[in-house]
Amino acid sequence: MDQKYRTILLFGAPGTGKGTQGHALGELPGFYHCACGDVFRSIDTSTELGQAFLQYSSKGQLVPDEITLRLWKARIKHRVKSRDFRPEQDILVLDGIPRDVNQARLMKDMIDVLKVFHLTCPDREQLFSRLRSRALRDNRIDDASNTVIEKRLATYDSISKPLMGYYGEDRICHINALQHPAKVMHDLLQEAVPLLD
Ligand code: ADP
């Protein structure tokens, strides 16, 4: 690939609203949203890959990097080919990937990370209650039990959070995820829109 995709990352613990914000942002011309969890959930669960995904996600664990990257690259290339994602005019909005420092290293030749939006929520109870309501709404097995949620939050703290050190404070924009989703979007757009120029 000769040109890296111009990219912004949505970053934050499970339940902070990355999917909601990413989806809304992706509706606007100039932004293309790709959520890694959605890519996984779209796989047929009767396939080997689909089974591997269930095996890890149902325990609150991350899918191994090699599988994740292979799948993600294939999906993005497909979206470029279908012209859903037009890298020459769209900013790629990634949510859920890269998820750890190793994934960031493996992706560094493909993405030019312009900004990292860190959705912050120090209130664990809020995250639990958001994830529990999502479990009911979206029938997500990884949100269904407190033990799995605990494990995912712990994985975020130990494996994903160090990513912020990798990208560095000057690229990170912290946004309070406990605000109304429209206010979160407002804060996000204030920083993301100038990147379109
Ligand atoms: P959340 O943001 O609430 O954790 P996601 O939909 O992003 O939920 O991810 C659901 C599950 O999919 C994760 O718990 C993990 O098992 C798997 N997954 C998603 N993205 C990645 C990734 N980049 N690397 C490894 N596993 C991933």
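## Considerations on the overall build of the protein
Right, so step 1: Check the secondary structure of the protein and you find nine helices and five strands.
Right, so step 2: The secondary structure elements of the protein, listed N-terminal to C-terminal, are β-α-β-α-α-α-β-α-β-α-α-α-β-α.
Right, so step 3: A compact globule built from 197 residues should have a C-alpha radius of gyration of about 16 Å, and the protein, at 16 Å, falls within 12% of that.
Right, so step 4: Dimensions of the protein along its principal axes, counting C-alpha atoms only, are 45 × 40 × 30 Å.
Right, so step 5: Residue burial in the protein is summarised as follows: out of 197 residues, 47% are buried.
Right, so step 6: Sequence separation of 24 or more characterises 75% of the internal contacts of the protein that already satisfy a separation of 6 or more.
Right, so step 7: With 28 positive and 26 negative side-chain charges, the protein shows a separation of 2 Å between the mean positions of the two kinds.

## Some words on the side chain of R140
Right, so step 1: Within the secondary structure layout, R140 lies in the loop between helix 6 (124-138) and helix 7 (146-160).
Right, so step 2: Take R140: its relative accessible area is 13%, and that puts it in the buried class.
Right, so step 3: Once residues lying within four places of it in the same chain are set aside, the contact partners of R140 are R41, R134, A135 and R152.

## Concerning the site of the ligand
Right, so step 1: Close to the ligand lie 20 residues, the nearest being Q61, G96, R99, R134 and R152.
Right, so step 2: Q103 places a side-chain nitrogen or oxygen 2.8 Å from a nitrogen atom of the ligand.
Right, so step 3: When the free accessible area of the ligand is taken as 550 Å², the share hidden by the protein chains comes to 97%.
Right, so step 4: If you list the elements that add at least two residues to the shell around the ligand, you get helix 2 (36-41) and helix 3 (48-57).
Right, so step 5: The element that contributes the greatest number of residues to the shell around the ligand is helix 2, accounting for four residues.
Right, so step 6: Looking at the shell around the ligand residue by residue, the class counts come to seven nonpolar, six polar and seven charged.

## Some points on the packing of aromatic side chains
Right, so step 1: According to the stated counting rule, one finds five aromatic pairs in the structure shown.
Right, so step 2: An angle of 45° between the planes, with centres 5.7 Å apart, marks the rings of F11 and Y156 as tilted. Of the two residues, F11 sits in strand 1 (residues 5-11) while Y156 sits in helix 7, which places them 145 residues apart along the sequence.
Right, so step 3: Accessibility expressed as a relative area gives 6% for Y156, which makes it buried.
Right, so step 4: Arranged with centres 5.2 Å apart and planes meeting at 20°, the rings of Y32 and F85 form a pair that is stacked. On the criterion of sequence distance, the pair formed by Y32 in strand 2 (residues 31-35) and F85 in the loop between helix 4 (65-81) and strand 3 (91-95) is long-range, its members being 53 residues apart. F85 matches Y32 in its accessibility class, with the two residues each being buried.
Right, so step 5: What links up through ring pairs into an aromatic cluster is the set Y5, Y32 and F85.

## Examining the sheet that holds strand 5 (residues 172-176)
Whenever strands of a sheet pair, they do so through backbone hydrogen bonds, lying parallel or antiparallel.
Right, so step 1: Read from one edge to the other, the open sheet built from five strands follows the order 2-3-1-4-5, with strand pairing classed as parallel. Only two strands of the sheet have a single partner each, and these edge strands are strand 2 and strand 5. The sheet shows a mean angle of 25° between the axes of neighbouring strands, direction not considered.
Right, so step 2: The pairing of strand 1 with strand 4 (residues 111-120) spans seven bridges and is classified as parallel. Bridge pairing in strand 4 places I8 opposite K115.

Calculation criteria
Residues numbered from 1 in each chain as written. Predicted model: local features only at pLDDT ≥ 70, side-chain atom pairs only at ≥ 80, totals over all residues. Heavy atoms only, no water. Helix = DSSP H or I, 4+ residues; strand = E, 2+ residues; numbered from the N terminus. Rg over C-alpha atoms; globule rule 2.2 N^0.38 Å. Buried < 20%, exposed > 50% of the residue type's maximum accessible area, 1.4 Å probe, protein only. Contact = heavy atoms within 4.5 Å. Lys, Arg positive; Asp, Glu negative; His and termini not counted. Charge placed at Lys NZ, Arg CZ, Asp CG, Glu CD. Near = heavy atom within 4 Å. Polar contact = N/O pair within 3.5 Å; in protein donor to acceptor, adjacent residues only side chain to side chain. Areas by Shrake-Rupley, 256 points an atom, 1.4 Å probe, with all protein chains shown as cover. Nonpolar A, V, L, I, M, F, W, Y, C, P; charged D, E, K, R; others polar. Phe/Tyr/Trp six-rings, centres within 6.5 Å; stacked < 30°, edge-to-face > 60°. Pairing = 2+ DSSP bridges. Axes fitted to C-alpha atoms, helices over the stretch in contact; angles between N-to-C directions.

The quantities given are spatial measurements derived from coordinates; they are silent on function.
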